[in-house]
Amino acid sequence: MSKVSVIIPAFNVAKFIKGAIESVFNQTYKNIEIIVVDDGSTDATREIVNSFGDKVMHIDQSNQGHAIARNTGLKVSSGRYCAFLDADDYWLPEKVEQQVRILNEMPDVGIVHCDIKRIDDEGREIKQYPRREEYIDGKIFPYLLMRKGHIATSSAMFRKECIEKHGLLDDSVRDWGSEDREFWLRICKHYKVKYIGEPLVIYRQRKRSLSRSRSLSNIIKGRYWAIDKSLEDVRPLYYSWFLKRSSYSAIHKEVGYKFLWKFDFKMAKKHYLTSLHCWPFDRYPWIGLVRSLLKIKITPKYN
């Protein structure tokens, strides 16, 4: 039975960490090691993790960010397969079993991920866009790069050989983020991805999470960085150029849409124009630009 290493980075998550750990204990698949990397918490996180005794490997480090915490866990992990679990998320009982079965049966698959159910701080479900499987299953590198597909960090399991062959997370851009996306992109260039269309992860969308505390300029820098790094070795050059320009465009199209439904038409127009400057052959930024110019209010059906 293949061992699975679960790495949980934790920073001031005393409210949630017990539920995350218990969701791993409650898995139907049992050959699991749990590694919690406490990234300099100042609340009761440490005491809660220690209450599990030697059932959980607990590593303390000064606050250095999620990427370094995940890398710390990966370096000491001993499983054939690895998975990240954010400390404020939790898994449903069959997640690990289903993912291990696929990785055992499909040697050309490097990552298995699944659908998620989003909740807010109070546990209320948040509606989300339906996911198109052609963008998240198979050879998905270009779709992931152009933001047509996404891999939720707590939903993914991957082979340990992926990091042995292609490296750990790049932890050099803590202020920008996007380390997870670049990591998935790097693996997707070499392996197929398998998607399970069943929500096996409860993802907590917190108002004050790390990803939501970064400035917009840093978020955009991080997304540009992930694209640039992912395309360094992609050939032919014309294909790399097409992917880069259309991916830049997708970033600003996405940001423009968020400003549009916040009724900030000035910022929406700015980002739609930037999107069209990067790649003018997508009709959706044109539609968004017209809406921003005419100040047409929209109400999103999904978050």
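Note that the structure is predicted; figures quoted are calculated from it, not measured.

**Q** Got a minute to help me understand the overall build of the chain in this structure?
**A** A count of helices and strands for the chain gives twelve helices and nine strands. Taking the principal axes of the C-alpha coordinates as reference, the chain spans close to 60 × 45 × 35 Å. Counting every atom, the chain has about 14900 Å² of accessible surface; 52% of that belongs to carbon and sulfur.

**Q** How should the environment of tyrosine 195 be read in this particular structure?
**A** For tyrosine 195, the location among the structural elements is in strand E9 (residues 192-204). Spatially, the C-alpha atoms of tyrosine 195 and tyrosine 135 are 9.9 Å apart, while their sequence positions differ by 60 residues. What tyrosine 195 contacts, discounting residues up to four positions off in sequence, is His113, Cys114, Asp115, Arg131, Glu133, Ile136 and Asp137.

**Q** What exactly am I supposed to notice about helix H7 (residues 179-188) here?
**A** Helical geometry: 3.6 residues make up each α-helical turn, so side chains three or four residues apart lie on a common side. Burial of H7 is extensive: ten of the ten residues sit out of reach of the surface. For H7, the complete set of buried residues consists of Glu179, Asp180, Arg181, Glu182, Phe183, Trp184, Leu185, Arg186, Ile187 and Cys188.

**Q** Hey, could you run me through a positive patch on the surface in this one?
**A** Among the surface-exposed residues, Lys266, Lys269, Lys270 and Lys295 lie close enough to one another that they form a single positively charged patch. Looking at the element boundaries, lysine 270 is found in helix H11 (residues 265-278). The class for lysine 270 is partly exposed, based on a relative accessible area of 48%.

**Q** How should I be thinking about the pairing of strand E3 (residues 57-61) in this particular structure?
**A** Regular strands show a simple pattern: their side chains alternate between the two faces of the sheet. Across five bridges, the pairing between strand E2 (residues 32-39) and E3 is parallel. The residue of E3 that forms the bridge with aspartate 39 is glutamine 61. On the question of chirality, the crossover connecting E2 to the parallel E3 by way of helix H2 (residues 45-50) is right-handed.

**Q** What is the right way to read the packing of helix H9 (residues 216-230) against helix H10 (residues 237-261) from this model?
**A** In a pair of packed helices, the angle between the axes and the distance between the axes together describe the arrangement. Remark: H9 packs on H10, axes separated minimally by 10 Å, with the N-to-C direction vectors making an angle of 155°. With respect to their mutual orientation, H9 and H10 come out roughly antiparallel. By crossing handedness, the relation of H9 to H10 is classed as right-handed. Of the residues in H10, those in contact with Leu216, Ile220, Arg223, Tyr224, Ile227 and Asp228 of H9 are Lys244, Ser247, Tyr248, Ile251, His252, Glu254, Val255 and Phe259. Its residues assigned to classes, the contact of H9 with H10 shows eight nonpolar, two polar and four charged.

Reading guide: rules and limits
- Residues numbered from 1 in each chain as written.
- Predicted model: local features only at pLDDT ≥ 70, side-chain atom pairs only at ≥ 80, totals over all residues.
- Heavy atoms only, no water.
- Helix = DSSP H or I, 4+ residues; strand = E, 2+ residues; numbered from the N terminus.
- Areas by Shrake-Rupley, 256 points an atom, 1.4 Å probe, with all protein chains shown as cover.
- Contact = heavy atoms within 4.5 Å.
- Buried < 20%, exposed > 50% of the residue type's maximum accessible area, 1.4 Å probe, protein only.
- Patch = residues over 30% accessible without salt bridge, like charges linked within 9 Å, V, L, I, M, F, W, Y side chains within 5 Å.
- Salt bridge = Lys/Arg side-chain N within 4 Å of Asp/Glu carboxyl O.
- Lys, Arg positive; Asp, Glu negative; His and termini not counted.
- Charge placed at Lys NZ, Arg CZ, Asp CG, Glu CD.
- Pairing = 2+ DSSP bridges.
- Right-handed = clockwise from strand over helix to strand, strands pointing away.
- Axes fitted to C-alpha atoms, helices over the stretch in contact; angles between N-to-C directions.
- Parallel < 35°, antiparallel > 145°, perpendicular 65-115°, else oblique.
- Left-handed = near helix turned anticlockwise from the far one by under 90°.
- Nonpolar A, V, L, I, M, F, W, Y, C, P; charged D, E, K, R; others polar.

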